[in-house]
Amino acid sequence: MDFGEFEFYKRKIIIRIKNRICENSDELISSKLFLCILKKCIQDLQVRDSDLLAIFKTKKIDDADIKKLVQTFLYLTKMKRDLVPNVVKGAETFLKDRMLFNDFVEYLYNYWRSFDRFIICSSEEADVEPRPYRIFNETIEQLTHLVRATYRDIEENITGAHPNIYRQVRAGAEVASIATAQEINFPSEVYNKLNVIPMIRQVLLYPPLILNPSMNKRTGVFERVYKNPLDGLNIKKKEWVCYPAKVGELLILIYFHNIFVELGYSLANLFQLADEADLQRKPDAVYCFGVPESTVKGLGKYQTVFFDDEENGMLSAVVPRGEEFGYFGYLKKMVLTLHNIVMMKKGQMPFHGALVDVTLKTKRRATVLLIGDSGAGKSETLEAFREIGDEVIKDINIIADDMGSIRMNKKKEAVGIGTEIGAFLRLDDLKPGYAFGQIDRAIIMSANKVNARIIMPITAYERVIKEHKIDFILYANNYEQTDSDHPLIERITDAQKALDVFKEGTVMSKGTTTATGLVHSYFANIFGPPQYRELHDKIARKFFKIFFDKRIFVGQMRTRLGILGYEQKGPEDAARALLEIINSGTAC
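Below, the structure is looked at part by part. No experiment lies behind these values; they were computed from the predicted model shown. (Residues numbered from 1 in each chain as written. Predicted model: local features only at pLDDT ≥ 70, side-chain atom pairs only at ≥ 80, totals over all residues. Heavy atoms only, no water.)

1. Digging into the overall build of the chain
For step 1, the next point in the chain: Summing up its helical and strand segments, the chain has 17 helices and 27 strands in all.
For step 2, the next point in the chain: Against the compact-globule benchmark of 25 Å for 588 residues, the chain has a radius of gyration of 27 Å, which places it among compact chains.
For step 3, the next point in the chain: In terms of its C-alpha atoms, the chain occupies a principal-axis envelope of roughly 90 × 55 × 45 Å.
For step 4, the next point in the chain: With 588 residues in all, the chain has 58% of them scored as buried. (Helix = DSSP H or I, 4+ residues; strand = E, 2+ residues; numbered from the N terminus. Rg over C-alpha atoms; globule rule 2.2 N^0.38 Å. Buried < 20%, exposed > 50% of the residue type's maximum accessible area, 1.4 Å probe, protein only.)

This is the structure:
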């Protein structure tokens, strides 16, 4: 019995299985995947002219030498090294230097674990979804235990000693999913080609996941084009997987190519996975992340494009598979752009900001919307709330960490809902040690680079889509220092002035994109509103009038996150000032 099909994409391995995988050491070592890893490992050592290759007789290692090495491994799982040459002719060559051969085995084991490893389980059985734990146990759990046990048996039989310390590292796959065929009721033939792509129904993660994607920041804009980019897309079924995401109240089908597999599965920490009932309705949008460059050639100035299919009431978007697009921000922000466009078409006002419900120990309560561009201090202020929570806060519930929308409820009140169950945060702007406190469920990206990020779940989907009456709407000002004329929390009493401040969208760039210095973006939200500016202007004027008519506290919060030395102190001071205002009850 072998593994299923597998593909390598640089330092990533994707294994596709339908039924079972290797169940014992013999099957593991005899598998095509083991042989492939062994050959790649030896090639890597040859490039470095490593002394570990001295286990072979010659530097000209051929298939016969590798076959003999595999046979040696097979018997080392069952017997001591001194006995192996009796059954494998030539094995004594490998075993003559016990420590050198043990070092080679150690290197091979670590070489395998240096890859990001993914298992996709597919099955034609109708009852695959009711028993995901059994399937996961038979695949990812079994592989982990098998690889680890095989490695330990071989090393013990080489050294003749049992270890005193056992480290339960993730020796199998790091991510597994159950993905099955799913017929989506698309409104047009152009979308039906996507139905061949397996759809993720369950995901198993082994956090913390430490990933190193090809890019650590985003550039350019998401451009509206007037031809459906899916027209020219040819789909190869085995190269794609779909993550059906519930983005707020919307259903967006996110298709990602194998080359971006680590980014695609990271969506599980950010968006709720759609269930079977959700998939019975028409999706609001589809997004193909990792298309050939030829698909977008000639469509627009940028390669990150979307199409408003007004005839079919759908949005479609694509981004090419070049390494320059290997950043999670391209995945997350295009999805949110599609969300925002749909919301505007429904007459709602999208926001780029954090929405949080705070209850103080004094029983005072408020729902705060903090609007601002990337790096303005939204998420950092929320973390500051948590930091000082024991002092004054009874409960704090995050409704939206990055994006959401405002609408009117039946009582004609301005209410907000969110989009995501997780957060995509800059590590540099979090409290020292905070990320480590959450590491047991985190995905960390580009940890050794500028704009290192952590993705982690932070709230329940039911809370995300529940309507919350808004009490405060604040612009996150990260660039101005405070003084007597510029307080931490400043209320704006004129509706037009407030509209101008939010519309100008000024922010000190924090390196989350290629922009630097003081920049401006329309309503601090380049994800939909600028592409539909006329529509958004109309919606914004309507809602700002409502904000002031309803005496909602509208103003700005000076987080000072963009000022050197205030990366942590700034948001904390601003959070304390806001809590004082809430506690005083003077907001209205």
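2. What about the environment of Lys378?
For step 1, the next point in the chain: As for its placement among the helices and strands, Lys378 is situated in helix H11 (residues 378–387).
For step 2, the next point in the chain: When the C-alpha positions of Lys378 and Thr559 are compared, they lie 8.4 Å apart, and in sequence the two are 181 residues distant.
For step 3, the next point in the chain: Separated by 3.0 Å, the side chain of Lys378 and the backbone oxygen of Gly372 make a polar contact.
For step 4, the next point in the chain: Separated by 3.0 Å, the side chain of Lys378 and the backbone oxygen of Asp373 make a polar contact. (Polar contact = N/O pair within 3.5 Å; in protein donor to acceptor, adjacent residues only side chain to side chain.)

3. Some points on the sheet that holds strand S19 (residues 422–426)
For step 1, the next point in the chain: In space, the four strands of this open sheet follow the order S6-S20-S21-S19, with mixed pairing throughout. In the strand order of this sheet, the two ends are held by strand S6 (209–211) and S19, each with one partner. On average, each strand axis in the sheet is tilted by 20° relative to the strand beside it, whichever way the strands run.
For step 2, the next point in the chain: Of the pairings in the sheet, the one linking S19 to strand S21 (residues 453–457) comprises five bridges and is antiparallel in character. Bridge pairing links Arg426 to Arg453 in S21. (Pairing = 2+ DSSP bridges. Axes fitted to C-alpha atoms, helices over the stretch in contact; angles between N-to-C directions.)

4. Points about unusual backbone geometry
The phi angle of most residues is negative, glycine excepted, and most peptide bonds adopt the trans form.
For step 1, the next point in the chain: Here Pro207 and Pro208 are connected by a cis peptide whose omega angle stands at 0°.
For step 2, the next point in the chain: Within the secondary structure, Pro208 is located in the loop between strand S5 (199–205) and S6.
For step 3, the next point in the chain: For Arg551, which is not glycine, the phi torsion reads 60° and is therefore positive.
For step 4, the next point in the chain: If you trace the backbone, Arg551 turns up in the loop between helix H16 (533–549) and strand S27 (553–558).
For step 5, the next point in the chain: By relative accessible area, Arg551 is classed as exposed at 53%.

5. Things to note about the packing of helix H3 (residues 63–76) against helix H5 (residues 98–113)
For step 1, the next point in the chain: Between H3 and H5, the shortest axis-to-axis distance is 14 Å and the interhelical angle comes to 95°. Accordingly, the angle class assigned to the pair H3 and H5 is roughly perpendicular. Of the residues in H5, those touching H3 at Leu69, Thr72, Phe73 and Leu76 are Phe101, Phe104, Val105 and Leu108.
For step 2, the next point in the chain: Its residues assigned to classes, the contact of H3 with H5 shows seven nonpolar, one polar and no charged. (Parallel < 35°, antiparallel > 145°, perpendicular 65-115°, else oblique. Contact = heavy atoms within 4.5 Å. Nonpolar A, V, L, I, M, F, W, Y, C, P; charged D, E, K, R; others polar.)

6. A short note on the packing of aromatic side chains
Any pair of aromatic rings gets described here by the distance separating the centres and the angle formed by the planes.
For step 1, the next point in the chain: Scanning all chains against the criterion turns up 26 aromatic pairs.
For step 2, the next point in the chain: Grouped by ring-pair contacts, the aromatic residues Tyr475, Phe502, Tyr522, Phe523, Phe543, Phe544 and Phe547 constitute a single cluster.
For step 3, the next point in the chain: Positioned over the ring face of Phe115 is Arg11, at 4.0 Å from the centre of the ring.
For step 4, the next point in the chain: It is Lys40 that lies over the ring of Phe8; its NZ or CZ is 4.6 Å from the centre. (Phe/Tyr/Trp six-rings, centres within 6.5 Å; stacked < 30°, edge-to-face > 60°. Lys NZ or Arg CZ within 6 Å of the ring centre and 35° of its normal.)

7. Quick word on the side chain of Lys332
For step 1, the next point in the chain: With respect to the helices and strands, Lys332 occurs in helix H10 (residues 328–345).
For step 2, the next point in the chain: A polar atom in the side chain of Lys332 sits 2.4 Å from the side chain of Glu420.
For step 3, the next point in the chain: Setting aside anything within four residues of it in sequence, one finds Lys332 in contact with Leu270, Asp402, Glu420 and Phe424.

8. Considerations on H16
For step 1, the next point in the chain: In this model H16 runs 24 Å from its N-terminal to its C-terminal C-alpha over 17 residues, within 8% of the 24 Å that 1.5 Å per residue would give.
For step 2, the next point in the chain: Where H16 is concerned, the buried positions are His536, Asp537, Ile539, Ala540, Phe543, Phe544, Ile546 and Phe547.
For step 3, the next point in the chain: At the exit of H16 stands Arg551, carrying a positive phi of roughly 60°. (Expected span 1.5 Å × (residues − 1).)

9. A closer look at the packing of helix H2 (residues 32–47) against H5
For step 1, the next point in the chain: At a minimum axis distance of 10 Å, the contact between H2 and H5 shows a crossing angle of 110°. Classified by the angle between their axes, H2 and H5 sit roughly perpendicular to one another. For the pair H2 and H5, the crossing hand works out as right-handed. Across from Leu33, Phe34, Ile37, Leu38, Lys40, Cys41, Ile42, Asp44 and Leu45 in H2, the residues of H5 making contact are Phe104, Tyr107, Leu108, Tyr111 and Trp112.
For step 2, the next point in the chain: Within the contact of H2 with H5, the residues separate by chemical class into twelve nonpolar, no polar and two charged. (Left-handed = near helix turned anticlockwise from the far one by under 90°.)

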